[in-house]
Amino acid sequence: MKTRHIMLDTINDVKEFVGIVSRCEYEVDLISDRYTIDAKSIMGIFSLDLSKPIQMNVHADECDSFLNEISRFLKD
């Protein structure tokens with residue numbers, strides 16, 4: 001598993017991020033405070049506090065191409 005932090009500043013960022021994550025074969029979770037949601041759920045993402053960085057857990061060891069694809073959202 002790999003952990004990174006992301007920022008989703010606009011509605012279009014959320015749509016683009018979910019589109020990318022939805023193509024992944026592995027699980028991706030977003031954690032904000034005490035809430036953990038599936039990163040493939042656009043409604044789940046909108047339930048989070050998007051004004052601060054969100055922890056992202058990628059449940060895969062080989063996910064470098066995915067991380068490159070979402071690099072503009074990474075805040076690490």
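To be clear, the structure that these remarks concern was listed above.
The rules behind these values
Here the residue numbering is sequential within each chain, running from 1 through the sequence in written order. Restriction of local features to residues with pLDDT of at least 70 applies here, the model being predicted, together with a cutoff of 80 or more for giving and counting side-chain atom pairs; totals for whole chains, interfaces and linings are based on all residues. The side-chain figures draw on all heavy atoms in the structure; neither hydrogens nor water molecules are used. Comment: elements are numbered from the N terminus, with helices defined as DSSP H or I runs of at least four residues and strands as E runs of at least two. It is over C-alpha atoms that the radius of gyration is taken, and the globule rule equals 2.2 Å times the number of residues to the power 0.38. We call two residues in contact whenever any of their non-hydrogen atoms come within 4.5 Å of each other. Values of accessible area rely on a 1.4 Å probe in the Shrake-Rupley scheme; residue burial ignores everything except the protein chains shown. A positive count includes Lys and Arg, and a negative count includes Asp and Glu. His and the chain ends are not counted in either. Charge coordinates come from a single atom per side chain, which is NZ of Lys, CZ of Arg, CG of Asp or CD of Glu. Excluding any residue in a salt bridge, patches collect residues exceeding 30% relative accessible area, merging like charges within 9 Å and nonpolar Val, Leu, Ile, Met, Phe, Trp and Tyr side chains within 5 Å. We define a salt bridge as a contact between a side-chain nitrogen of Lys or Arg and a carboxyl oxygen of Asp or Glu at a distance within 4 Å. Put simply, buried Ala, Val, Leu, Ile, Met, Phe, Trp, Tyr and Cys residues joined by side-chain atoms within 4.5 Å make one nonpolar core. For each residue, the accessible area found with a 1.4 Å probe, counting protein chains only, is set against the maximum for its type, and the residue is called buried under 20%, exposed over 50%, and partly exposed in between. The rule for pairing is simple: two strands pair if DSSP sees at least two bridges between them. Axis angles are defined between N-to-C directions and span 0 to 180 degrees, where every axis is a line fitted to C-alpha atoms and, for a helix, only to the segment in contact. Whenever two N or O atoms come within 3.5 Å, that pair is a polar contact, provided that in protein one can donate a hydrogen and the other can accept it, and provided that, for residues adjacent in sequence, both atoms are side-chain atoms.

Visitor: I would appreciate a short explanation of the overall build of the chain in the present structure.
Guide: If you tally the helices and strands in the chain, you get three helices and four strands. Sequence-ordered secondary structure for the chain, helices as α and strands as β, is β-α-β-β-α-β-α. Taken over the C-alpha trace, the chain has a radius of gyration of 11 Å; the compact-globule value for 76 residues is 11 Å, and the two agree within 12%. For the chain, the spread of C-alpha atoms along the principal axes amounts to about 30 × 25 × 20 Å. Considering only intrachain contacts with a sequence separation of at least 6, the fraction spanning at least 24 residues in the chain is 68%. Accessible surface for the chain amounts to roughly 4,500 Å². Of this, 47% is attributable to carbon and sulfur atoms. When the 9 basic and 14 acidic side-chain charges of the chain are each reduced to a single mean position, those positions are 4 Å apart.

Visitor: Mind showing me how you'd approach a nonpolar patch on the surface here?
Guide: Taken together, the side chains of Ile11, Ile42, Met43 and Phe46 make up a nonpolar region of the molecular surface, amounting to roughly 400 Å² of accessible area. Looking at the secondary structure, you find Ile11 in helix H1 (residues 11-22).

Visitor: Just to check I follow, could you spell out the nonpolar core for this structure?
Guide: By size, the foremost hydrophobic cluster in this structure holds 25 residues, and its most contacted members are Phe17, Leu30, Ile45, Met56 and Phe66. Among the elements that line this core, the one with the most residues is H1, at five residues. Ignoring anything within four residues of it in the chain, the contact list for Phe17 reads Ile6, Leu8, Leu30, Ala39, Ile45, Met56, Ile70 and Phe73.

Visitor: Which parts of the structure should I look at to understand the sheet that holds strand S4 (residues 54-58)?
Guide: Adjacent strands of a sheet pair through backbone hydrogen bonds, lying either parallel or antiparallel. Overall, antiparallel pairing links the four strands, which are arranged S1-S4-S2-S3 in an open sheet. Strand pairing shows two members of the sheet lacking a second neighbour, strand S1 (2-6) and strand S3 (35-38), which therefore form its edges. Sheet twist, expressed as the average angle between the axes of neighbouring strands with direction ignored, equals 25°. Note that S1 and S4 share five bridges and pair antiparallel. Residue pairing for S4: His5 is matched across the bridge by Gln55.

Visitor: Sorry if this is basic, but what is going on with the environment of Asp64 here?
Guide: Looking at where Asp64 falls in the secondary structure, it is placed in helix H3 (residues 64-69). The exposure class assigned to Asp64 is partly exposed, which follows from its relative accessible area of 44%. When the C-alpha atoms of Asp64 and Lys2 are compared, they prove to be 9.9 Å apart, with 62 residues separating the residues in sequence. A polar contact of 3.3 Å, which involves the side chain of Asp64, links it to the side chain of Lys2.

These values are about where atoms sit, not about what they do.
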